[in-house]
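Coordinate analysis (summary)
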Amino acid sequence: MIDDEVSMYPMVPFTALVVPLQSGIVPDGGRDEIFQLIFTVFLVLGTTVGVVVIGYMLYNGYKYRDRGDQDDDGIDRPELGELPEGGGGGRKLALSLLLSAAIVISLITWTYFALVDVERTQPAEAENALNVQVEGFQFGWAFVYPNGNTSDTLRVPEDRMVKLTVTSRDVFHNFGIPAFKMKTDAIPGQTTDTWFRPNETGTYQAQCFELCGAGHSAMNANVSVMESGAYEQWYANTTPANTTSGNATGNNTTATDASATADNATAANNGTTAA
Amino acid sequence: MPSIKLYAGIYVVLFAFATAQVAVEFVGLLESAYWIGLGVILVLSLIKALFVAGYYQHLRYEPRSITFVVLSGLIVALVLTIASSYSIT
Amino acid sequence: MTDGSEPTPDGGYAGTGDELPAATGEGDHATTESHGLPPYGSVKRWLVTTNHKDVGILYTVTALFFLVFGGVLALLMRVQLFTPGSGILSPMGYNQTVSTHGLIMVFWFLSPFAFGFANYVVPLQIGAKDLAFPRLNSLSYWLYLFSGLLLGVSFFQGGTFAGGWTMYAPLNIPTYTPSIGASTAILALLLFVVSVTVSSVNFLTTMHRMRAEGLTFRRLPLFTWTILLTVWMMLFAFAALLAALVILSADRLVGTTYFASTSPGGSILWTHLFWFFGHPEVYIVFFPALGVMAETFQTFTGQRIVGRKWFIAAMVLVALQSFVVWMHHMFLTSINLQIKTLFMATTIGISLPFDLMVFSLIYTTIKGRVRFATPFLFTFGSLILFIVGGITGVFLGAVVLDYQFRGTYWVVAHFHYVMVGGVTALIGGLYYWFPKMTGKMYDEFLGKVHFVLYFVGFNLLYFPMFVAWETPRRVFEYPARLTAWHQLATVGGFILGASFLVMFYNLTKSLVDGEAADGNPWAYSTTAEWAVPSPPPLENFPGVPSYRSGSLDFLGGSPEVADGGEVTDGGTLTTHDAGTQAAHADEPESHASIWPFAIGVGAFFVFLGLSGLQEGSFAPGIAGGVYLTLALVGVAISAVSFVALGREHFHAPTGPFGESWPFEAIENTKLGVWIFLASDIVLFGAFIGTYVFIRISAGWTGWELVPGDPIPGLMNTYLLLTSSFTVILGLVAAEKKSRWGVVASMTTTILLGIGFLVNKGLERNHLFHEGIALSSNVRTSTFFLTTGLHAAHVIIGLLIAVYMLVRAWRGAYLENERPLEYFGLYWHFVDIVWLFLFPLFYIL
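Residues numbered from 1 in each chain as written. Chains lettered and ligands numbered in written order. Predicted model: local features only at pLDDT ≥ 70, side-chain atom pairs only at ≥ 80, totals over all residues. Heavy atoms only, no water.

**Topic: the overall build of chain C**
Counting secondary structure elements, chain C contains 22 helices and five strands. Whereas a compact globule of 844 residues would reach a radius of gyration of roughly 28 Å, chain C reaches 27 Å, a difference of no more than 12%. Considering only C-alpha atoms, chain C reaches an extent of 80 × 80 × 50 Å along its principal axes. Counting across all 844 residues of chain C, residues that qualify as buried make up 68%. By sequence separation, contacts in chain C at least 24 residues apart represent 81% of the contacts at least 6 residues apart. Accessible surface for chain C amounts to roughly 26000 Å². Of this, 68% is attributable to carbon and sulfur atoms. The average position of the 39 basic charges and that of the 49 acidic charges among the side chains of chain C differ by 7 Å. (Helix = DSSP H or I, 4+ residues; strand = E, 2+ residues; numbered from the N terminus. Rg over C-alpha atoms; globule rule 2.2 N^0.38 Å. Buried < 20%, exposed > 50% of the residue type's maximum accessible area, 1.4 Å probe, protein only. Contact = heavy atoms within 4.5 Å. Areas by Shrake-Rupley, 256 points an atom, 1.4 Å probe, with all protein chains shown as cover. Lys, Arg positive; Asp, Glu negative; His and termini not counted. Charge placed at Lys NZ, Arg CZ, Asp CG, Glu CD.)

Rendered as structure tokens:
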């Protein structure tokens with residue numbers, strides 16, 4: 001959900017977040033760049049930690065294996081019927097815990113800044129964004145443009161932010177375009193918001209990522225990223241279709257914002273898109 | 001062990017509080033200051049519940065650990081209710 | 001083939017070629033009577049037994065059957081996924097397979113498998129002769145079995161549930177999943193939850209109250225610790241699931257509209273209820289495996305667990321934290337950013353205690369004498385798998401990454417690594433405790449073969465899922481470039497399946513003619529189950545177990561002890577111990593009752609019959625008639641069985657017990673009632689929370705109350721309050737030994753309760769005549785179902801009260817008024833719930 005009104009967030013003043021965001025530590029850029037960077041870092045760190053820890057385990061298991069012929073090495077071993085002792089080794093454990101906590105917490109904090117970045121939009125971009133409503137149904141996707149036109153292909157211009165307001169006409173779906181690392185739930189009676197900024201023309205796939213019935217495996221839609229000129233031409237030639245489930249907002253060919261809340265849902269109280 | 005008199009007294013209080021809750025509505029408090037009325041009514045319910053639990057169910061006289069068991073259940077239910085309600089956008 | 005008459009050196013009896021060694025109930029008793037329990041060879045024994053060891057075996061064997069069932073379903077999926085696109089299963093067939101694979105593995109396999117061990121081992125480890133409520137223990141097993149049978153039946157009623165084990169709304173309502181089989185599957189799960197709740201109450205009472213002297217919580221064996229925490233989590237988490245399932249069943253069978261697409265907050269309500277349960281559930285499922293790991297790491301390294309008290313603290317923390325992380329399953333829904341952040345933090349928080357436990361286990365191997373016997377191969381392997389799974393879980397906790405991983409095979413691979421990693425440890429437990437449970441040793445070479453095949457198959461099956469993570473979940477279409485990985489996974493799946501064939505062969509063969517096992521086949525084991533013969537005699541111990549001297553002794557028993565270790569017997573008997581022995585000799589404990597089985601049968605028919613309901617009534621014609629008849633037959637069987645259960649003379653283990661903190665001053669039954677009420681609090685709490693959630697979603701102040709007028713509700717409040725008062729008067733009368741007083745007060749209570757119900761009926765009729773019905777809209781749905789659940793509690797209370805009235809008429813409760821007190825606890829609880837329902841539904 002896009003949350004431009006970050007002032008709603010009580011704990012951390014927005015200004016405090018600006019510094020890390022501008023310092024370049026936090027991944028910036030399109031969603032796919034953010035994802036790739038974070039994923040790669042996690043993968044490298046995760047693999048390293050996994051290899052080290054498992055390797056250490058295997059090493060110890062081998063080093064201290066019972067060789068059967070060992071003399072009594074003077075170590076006090078557990079005996080049947082004993083009561084367990086208090087438990088030593090607290091210091092070593094505490095150190096290990098501290099180390100792993102440090103790694104995990106700093107990793108997550110780092111990704112948290114990326115989360116905030118993803119969740120907000122620059123005001124300048126928001127004005128220029130293309131707002132499309134996405135309606136999932138069993139078993140396909142309908143895309144409703146600001147001028148009321150409904151399409152079964154998501155056509156968007158390249159290099160411009162696209163803000164999606166996603167909902168469902170029937171059951172719980174999930175709308176995702178893997179190529180743009182963008183995904184959000186499609187919930188009946190509610191809306192969720194997300195965005196992406198495609199920077200290469202071409203045709204991509206949108207899929208459903210929540211089991212929704214017999215046709216779930218085939219619930220795809222095409223996403224066509226066009227050059228701006230070609231897009232504008234296509235858009236100008238569309239007219240509000242009269243087969244949408246009650247959505248024609250006024251003729252709004254400029255890409256300003258979201259007067260279109262998802263009023264195809266009957267429960268009116270949720271999911272306003274942020275202005 | 002509480003006496004019959006105490007039980008009877010509590011019964012009277014419970015009866016009165018229940019009536020009072022409806023009275024809050026009939027007096028119009030819910031129309032003029034809904035949230036205050038809601039607070040009053042729920043507090044009355046809470047007090048009634050405490051009386052029934054403490055005396056009729058003898059919780060006051062049982063080991064304190066039992067109260068904690070009951071409280072745990074209550075806290076679990078509250079966490080679910082409050083967090084899910086808070087998450088509504 | 002040996003005959004069954006010669007005792008082996010450790011006190012047990014060698015097998016006769018039947019299922020299990022024909023141990024009789026002799027143990028420490030001079031008598032040859034086995035307390036009414038038929039011998040092992042007979043089918044009847046298994047139907048009537050209430051002994052925890054037998055029930056444990058029943059659970060283990062049944063769970064293994066469900067493992068095969070769920071595993072076959074998984075292999076069907078893997079075959080379908082061998083190439084992208086459709087295959088041997090139709091789309092709906094595939095969805096059913098996916099869903100039941102998940103349901104069976106999570107519910108009908110994992111926990112029952114763990115509880116097979118818990119049943120068998122926990123009483124032994126804590127020094128108890130049985131669980132606190134042996135018949136309830138047997139009841140939980142039969143309810144479990146019959147719930148599984150019900151799930152099996154659901155396949156044949158137009159197709160079983162096909163909406164994923166997560167059963168999201170509104171796919172789960174009849175509009176989108178109309179088949180009757182889907183309703184049956186949900187009812188089966190509901191019955192399973194009842195089984196779990198009964199079991200939790202039993203285990204909690206037992207573990208808190210019935211420990212041996214000197215066995216404080218700090219000194220409790222780690223496996224028992226994990227079971228203790230598991231059942232605490234179960235008590236509360238499953239109550240939330242029960243609420244969700246009751247509401248879903250109402251939507252499917254009776255016509256309420258909680259989860260309809262058009263109901264405010266309906267879809268996301270389900271995700272809250274389900275995941276609030278679902279997250280603790282994954283720890284419920286994993287903790288017993290952790291316990292097995294702790295036990296075997298100690299035994300097979302010959303080192304005490306490093307930082308044991310921190311290990312315990314970490315586990316307790318996880319159990320508590322498990323209830324505040326659930327929204328990380330909902331990061332992509334419409335929840336607000338603040339709460340997403342909060343749950344991201346709590347999710348990372350819960351990974352930290354696990355880190356500590358992992359390190360503790362690893363450090364335990366240092367300076368140890370590590371023996372890679374089959375049990376330890378499995379638990380050592382399971383730690384490796386858990387580490388991989390845990391690391392990949394951190395990925396999911398980073399919300400930005402989760403945005404991509406949602407609904408993909410990354411999640412699938414992650415949870416299979418951790419959950420099946422847990423299974424791996426439990427398999428280790430199976431090998432570990434197999435000699436104890438059967439008196440036979442398994443074949444070590446075959447065990448190692450099993451492990452190698454298992455470990456290779458496991459990683460070949462699940463690791464490629466990380467590589468092919470972009471595959472969406474629950475689909476059989478995926479990008480062609482990922483085909484090779486899916487094919488590897490399918491091969492791995494079959495290897496993993498084949499490894500189990502080795503296990504089944506090994507264990508069956510060993511059961512029949514394996515080497516006899518000692519009481520303690522494992523060096524460096526410390527817990528009490530290894531201090532008794534394999535298998536233990538019916539009464540478990542040769543004396544009263546006590547740690548008073550600083551280690552395990554059996555006080556006052558026969559000189560015959562288990563081999564191995566330093567267990568001594570004798571020690572001076574205090575009058576305390578002598579008293580226990582004397583009491584025991586007067587009233588031998590019971591071990592058999594047919595009524596739990598009968599109740600299971602009744603429950604099966606009731607729920608099967610109910611599955612035929614649609615919009616609140618049975619379909620016209622033969623099919624509807626059949627369902628109605630089944631339900632009525634089930635009710636009749638259950639009613640007779642419950643009464644018989646109540647009237648049966650059954651002697652459960654009584655105190656005094658060694659350690660009972662913090663419930664020293666309360667008896668078992670009362671504690672059991674309170675624990676049950678705590679779970680009922682969560683059930684009603686979830687119902688009320690649901691109402692609050694829906695009402696906020698719809699706009700709180702704009703919500704028009706269903707009853708037009710609070711006066712009928714006020715009348716009902718008066719009726720219930722008065723009935724609580726009369727119940728208390730009845731208790732006072734019983735204390736004063738006044739038979740008429742008890743009869744009068746019970747009668748009045750019943751009349752008041754009937755008045756309450758009559759008043760409700762009148763109110764419902766009145767509303768109906770105004771055109772307001774249960775299924776009109778979500779306001780009526782919440783009103784009728786919540787107050788309906790309450791009314792159901794009143795009805796059950798009245799049935800119990802009628803039974804007690806009859807007994808009171810005949811003079812019962814004058815010597816022992818405690819049943820009246822227990823009834824009162826329940827009845828006052830029902831009253832308290834109404835004290836909140838009344839303002840919420842009638843005034844506010």
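Following the structure, the description resumes.
**Let's talk about the overall build of chain A**
The helix and strand tally for chain A stands at five helices and ten strands. With 275 residues in all, chain A has 52% of them scored as buried. A fraction of 69% describes how many contacts in chain A between residues 6 or more apart in sequence connect residues 24 or more apart. Summed over its atoms, the accessible surface of chain A is roughly 12300 Å², and 56% of this surface lies on carbon and sulfur atoms.

**Concerning the sheet that holds strand S3 (residues 150–151) of chain A**
Residues and elements named next belong to chain A. In space, the five strands of this open sheet follow the order S3-S2-S1-S5-S8, with mixed pairing throughout. Both edges of this open sheet fall to S3 and strand S8 (192–196), since each of them pairs with a single strand only. Here strand S5 (residues 162–168) pairs with S8 via five bridges, running antiparallel. Note that in S8 the partner of Val162 across the bridge is Phe196. (Pairing = 2+ DSSP bridges.)

**Structural notes on the side chain of His450 of chain C**
All names here are of chain C. Here His450 lies in helix H13 (residues 444–467). The exposure class assigned to His450 is buried, which follows from its relative accessible area of 0%. With residues near it in sequence (within four places) discarded, His450 still touches Phe378, Ile427, Tyr431, Ser499, Phe500, Val502 and Met503.

**Some thoughts on the interface of chain A and chain C**
Across the contact, 90 residues belong to chain A and 105 residues belong to chain C. For Arg474 of chain C, the salt bridge identified is with Glu210 of chain A, shortest N-O distance 3.5 Å. Of all elements in the fold, only helix H2 (31–63), helix H3 (90–119), strand S7 (182–186) and strand S9 (202–208) of chain A reach the threshold of two or more residues within the side of chain A that touches chain C. Of the residues forming the side of chain A that touches chain C, the biggest block, 17 residues, is contributed by H2 of chain A. Tallied by class, residues from the side of chain A that touches chain C come to 43 nonpolar, 28 polar and 19 charged. (Salt bridge = Lys/Arg side-chain N within 4 Å of Asp/Glu carboxyl O. Nonpolar A, V, L, I, M, F, W, Y, C, P; charged D, E, K, R; others polar.)

**Comments concerning the sheet that holds strand S10 (residues 221–226) of chain A**
Residue and element names in this part refer to chain A. Strand order in the open sheet made by the five strands is S4-S10-S9-S6-S7, with mixed pairing throughout. Only two strands of the sheet have a single neighbouring strand rather than two, namely strand S4 (153–157) and S7. Across the sheet, the mean angle from the axis of one strand to that of its neighbour is 20°, orientation sign disregarded. Pairing geometry for strand S6 (residues 173–177) and S7, over five bridges, is antiparallel. Within S7, the residue paired with Ile177 across the bridge is Met182. (Axes fitted to C-alpha atoms, helices over the stretch in contact; angles between N-to-C directions.)

**Let's talk about the packing of aromatic side chains**
Going through the model one piece at a time under the given rule, you end up with 117 aromatic pairs over all chains. When the ring centre of Phe209 of chain A is taken as origin, the NZ or CZ atom of Lys183 of chain A, which lies over that ring, is 3.9 Å away. (Phe/Tyr/Trp six-rings, centres within 6.5 Å; stacked < 30°, edge-to-face > 60°. Lys NZ or Arg CZ within 6 Å of the ring centre and 35° of its normal.)

**Points about the nonpolar core**
Formed by 350 residues in total, the largest nonpolar core has its most connected members in Phe107 and Trp108 of chain C. If one sorts the elements of this core by residue count, helix H6 (residues 222–253) of chain C sits on top with 25 residues. Counting only domains with at least three residues in this core, you end up with domain 1 (12–64 + 88–120) and domain 2 (128–249) of chain A. Of all hydrophobic cores here, the second largest spans 31 residues; its members include Val171, Val223, Val225 and Met226 of chain A. (Core = buried A, V, L, I, M, F, W, Y, C linked by side-chain atoms within 4.5 Å. Domains from an automatic or database assignment.)

**Points about the domain arrangement of chain A**
Residues and elements named next belong to chain A. Partitioning chain A into domains gives domain 1 (12–64 + 88–120) and domain 2 (128–249). Each partner contributes to the interface: domain 1 provides seven residues, whereas domain 2 provides eight residues. Both sides together, the interface formed by domain 1 and domain 2 hides about 640 Å², and carbon and sulfur atoms give 50% of it. Here domain 1 and domain 2 share zero salt bridges between them. Taken together, the links from domain 1 to domain 2 amount to zero residue pairs in polar contact (both at pLDDT 80 or more). Among the elements that take part in the side of domain 1 that touches domain 2, H2 stands out by supplying four residues, more than any other. (Buried area = accessible area lost by both parts, 1.4 Å probe. Polar contact = N/O pair within 3.5 Å; in protein donor to acceptor, adjacent residues only side chain to side chain.)

**A word on the state of the cysteines**
Two cysteines joined by a covalent bond between their sulfur atoms form a disulfide. Residue and element names in this part refer to chain A. One pass over the structure, following the stated rule, counts zero disulfides over all chains. You can see Cys208 has no disulfide; the closest cysteine sulfur is in Cys212, sitting 3.9 Å from it. For Cys208, a relative accessible area of 2% translates into the label buried. Exposure remark for Cys212: the relative accessible area of 0% places this residue in the buried category. (Disulfide = S-S within 2.5 Å.)

**Topic: the pairing of S4 of chain A**
Within a regular strand, side chains alternate between the sheet's two faces. Residues and elements named next belong to chain A. The buried fraction of S4 amounts to four of the five residues, a majority that puts the element mostly inside the structure. Bridge count for S4 against S10 is five bridges, and the pairing is parallel. Considered in S10, the bridge of Pro157 is made with Met226.

**Considerations on the pairing of strand S1 (residues 130–137) of chain A**
All names here are of chain A. Of all eight residues that make up S1, seven are buried, and the element is covered over most of its length. Across seven bridges, the pairing between S1 and S5 is parallel. Within the sheet, the bridge partner assigned to Val134 lies in S5 and is Val166. When S1 meets strand S2 (residues 140–144), the two strands line up antiparallel, connected through five bridges. Of the residues in S2, the one forming a bridge with Gln133 is Val144. Following S1, the chain reverses through two residues before pairing antiparallel with S2.

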